[in-house]
Amino acid sequence: MQRRISLTAAAAGILLLLTGCAGAIDTGTGTAPTASDGSIPRPASCDDDTPYIAVALPNLTNPYYVAMKQGFEEQGTKNGFKVEVQVANDDDAAQLSQVQSMLQKKPCALALNAVKSEPAAAIVKAANDAGVPVFTVNVTVSPEALEAQGASIVQYLGADNSAGGRQMAEQVLADLGADTALNIGFVTEPDEVPTVQRDEGFEEGIAANANASVVAKVDGNVKPDDSLAATTEMLSGNPDINVVFASTGPGTYGALQGLEGHPNVSLYGFCASEEPLAGQYKGCVAQEPESYGKQVIDQIRGWVDGDTPEPEILLPLKMFVSGDTPAPGEVG
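In this text the structure is predicted, and so the values were computed from the model without any measurement.

Caption draft 1: Region of the structure containing the side chain of Glu-189. With respect to the helices, strands and loops of the structure, Glu-189 is situated in the loop between strand 8 (182-188) and helix 7 (193-206). Among the polar contacts made by the side chain of Glu-189, one reaches the side chain of Lys-116 at a distance of 2.2 Å.

Written out as structure tokens, the structure is:
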């Protein structure tokens, strides 16, 4: 609980840095507000011979973002853009500062994979004030925080997280039985919209088994070491758990290590890249973040050339089961 309070307080502090006049917004799909009149600002730099695209990523310690960075840079070159990628080392304030610096260079567009959903609204507001359109990827910016800021995005592109959670629940039921007694522990991240959506999708799917219940949820902080510690503590306090669902790739990797000494626990989740599915690790779904980076660039190129972007693009996840191994770049 303390971590949640601290994050909220930090987010509020960042939001206050960029208080602006709130305008009417259209929440569209409910995922993220977009411009109320359908217009998108078009910076003059979009007409440069090599338009500059600013990209903000959370870190490069997670293989997910290494792959995404490669996608942005390769596809940017193919589309005639100059792409600059800034990496925030999981620091909300640092990401805001980095984007503010890139906005000074007058980009044609900002591609944002936020560190956290709520503080990212301040980054979107900064771009809005600079007249720079924002294309978000992977991490959904909090709709409530956007509304409070009077801020808007052009598009969200990412995995269909709820569907991914349901896929995993369906695999659990197929593997372990539709009426088996299941005591489930979650290794998640409660402060990010995508992981909450994954958890909700899993719970919706597992509800088909009346004998399944979620008995514990722990915060793995999207880091293997934190997820290992959280899993170990969760299993120690809840020895009846027989299924663990991990809703991030690093969470799955850490949870897998935490299963040592608990041979009767099965692990399902979002894939740890290149980690073979064997033994207790029975199922995962994967995103393809390199493709996500490429697709965002293609969306920006299409918009520059006159297309109207879809407000939301949700992409299917790839399923892996026992005996499979996700390839490099296939990661939760």
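Caption draft 2: Here's a closer look at the sheet that holds strand 9 (residues 212-219). Sheet architecture is open: 6 strands sit in the order 9-8-10-11-12-14, paired in mixed fashion. The strands lining the two open edges of the sheet, one partner per strand, are strand 9 and strand 14 (318-321). When strand polarity is set aside, the average angle formed by the axes of neighbouring strands in this sheet is 15°. Sheet topology places strand 8 next to strand 10 (residues 243-246); 4 bridges connect them, and they run parallel. Paired with Gly-185 across the strands is Val-244, a residue of strand 10. The strands that helix 6 (residues 161-176) touches are strand 8, strand 10, strand 11 (266-270), strand 12 (281-286) and strand 14; relative to strand 11, the one it contacts most, it runs at about 160°. The sheet strands contacting helix 9 (residues 249-258) are strand 8, strand 10, strand 11 and strand 12, and the helix crosses strand 11 at an angle near 165°.

Caption draft 3: Local environment of the packing of aromatic side chains. In total, this model carries 6 aromatic pairs according to the counting rule given. Here the aromatic rings of Tyr-64 and Tyr-65 are separated by 5.1 Å at their centres, their planes lie at 70°, and the arrangement is edge-to-face. For the pair shown, Tyr-64 and Tyr-65 are each scored as buried. Here the aromatic rings of Phe-202 and Phe-245 are separated by 4.3 Å at their centres, their planes lie at 15°, and the arrangement is stacked.

Caption draft 4: Broad picture of the nonpolar core. Counting residues in hydrophobic clusters, the biggest one holds 69 residues, and the most contacted among them are Phe-72, Leu-110, Leu-112, Phe-202 and Ile-206. Aside from chain neighbours lying at most four places away, what touches Phe-72 is Val-55, Leu-57, Val-83, Ala-111, Val-137, Gly-293, Lys-294, Val-296 and Ile-297. Listed in part, the 20 residues of the second largest apolar core include Val-218, Leu-235, Leu-259 and Ala-272.

About the cut-offs
- Residues numbered from 1 in each chain as written.
- Predicted model: local features only at pLDDT ≥ 70, side-chain atom pairs only at ≥ 80, totals over all residues.
- Heavy atoms only, no water.
- Helix = DSSP H or I, 4+ residues; strand = E, 2+ residues; numbered from the N terminus.
- Polar contact = N/O pair within 3.5 Å; in protein donor to acceptor, adjacent residues only side chain to side chain.
- Pairing = 2+ DSSP bridges.
- Axes fitted to C-alpha atoms, helices over the stretch in contact; angles between N-to-C directions.
- Contact = heavy atoms within 4.5 Å.
- Phe/Tyr/Trp six-rings, centres within 6.5 Å; stacked < 30°, edge-to-face > 60°.
- Buried < 20%, exposed > 50% of the residue type's maximum accessible area, 1.4 Å probe, protein only.
- Core = buried A, V, L, I, M, F, W, Y, C linked by side-chain atoms within 4.5 Å.

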